[in-house]
Amino acid sequence: MASSKSPESIRKLPARYAGILMPLVLSVLMTFVVSAIATAKSLGFGPDFLTTWPTAWALSWVVAFPTLLLVLPVVRRIVALLVEAPAR
């Protein structure tokens, strides 16, 4: 019988890591999709796609993650100017 863990039993990182973890996950997912689309558009889905895409993804992620860390505070300020604060 497979053991199933309840959500409460899974260890989580402390909340202080959310500011790094969110751009990390976002940059991984976005560059994964965007690099796949750009590589497929450029090369098609032939054998070159599978050998080129991982390198394209890695390079795009190396640029995207630090960029997100730098621009996210600016984006938050812009969004705060455009969106009403939640009611308390």
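Residues numbered from 1 in each chain as written. Predicted model: local features only at pLDDT ≥ 70, side-chain atom pairs only at ≥ 80, totals over all residues. Heavy atoms only, no water.

Chemist: When you look at helix H1 (residues 18-43) in this model, what are you seeing that I'm missing?
Modeler: The α-helix winds at 3.6 residues per turn, so residues separated by three or four positions along the chain end up facing the same way. Here H1 is 26 residues long and its end C-alpha atoms lie 37 Å apart, about the 38 Å a rise of 1.5 Å per residue gives. Listing the buried residues of H1 in full gives Pro23, Ser27, Thr31, Ser35, Ala36, Thr39 and Ala40. Elements that come into contact with the buried residues of H1 comprise helix H2 (47-82). Where H1 ends, the next residue or the one after it, Gly44, has phi of about 80°, a positive value. (Helix = DSSP H or I, 4+ residues; strand = E, 2+ residues; numbered from the N terminus. Expected span 1.5 Å × (residues − 1). Buried < 20%, exposed > 50% of the residue type's maximum accessible area, 1.4 Å probe, protein only. Contact = heavy atoms within 4.5 Å.)

Chemist: Could you clarify how one ought to interpret H2 in this entry?
Modeler: Between the first and last C-alpha of H2 there are merely 46 Å, a value that for 36 residues lags more than 12% behind the 52 Å anticipated at 1.5 Å per step. The sharpest bend along H2 measures roughly 40° and falls at Val71, with the proline Pro73 sitting one to four residues further on. All buried positions along H2 are accounted for by Phe49, Trp53, Ala64, Phe65, Leu68 and Leu72. (Bend = angle between axes of the 7 residues up to and from the residue.)

Chemist: Can you help me understand the environment of Leu43 in this one?
Modeler: Here Leu43 lies in helix H1. Using a relative accessible area of 42% as the deciding quantity, one classes Leu43 as partly exposed. Sequence separation between Leu43 and Leu59 is 16 residues; the distance between their C-alpha atoms is 17 Å. Excluding its chain neighbours within four sequence positions, the residues that come into contact with Leu43 are Asp48, Phe49 and Thr52.

Chemist: Would you take a moment to explain the packing of aromatic side chains for this structure?
Modeler: Inspection of the entire model under this criterion finds four aromatic pairs. With 4.8 Å between their ring centres and 50° between their planes, Phe32 and Trp53 make a pair best called tilted. On the criterion of sequence distance, the pair formed by Phe32 in helix H1 and Trp53 in helix H2 is long-range, its members being 21 residues apart. Residue classification places Phe32 among the partly exposed residues on the basis of a relative accessible area of 42%. A ring pair is formed by Phe49 and Trp53, whose centres lie 5.3 Å apart and whose planes are at 25°; its orientation type is stacked. Residue Phe49 and its partner Trp53 are both found in helix H2; the two are separated by four residues, about one turn of the helix. Comparing Phe49 with Trp53, the two get one shared label, buried. Among the aromatic residues, those joined into a ring-pair cluster are Phe32, Phe45, Phe49 and Trp53. (Phe/Tyr/Trp six-rings, centres within 6.5 Å; stacked < 30°, edge-to-face > 60°.)

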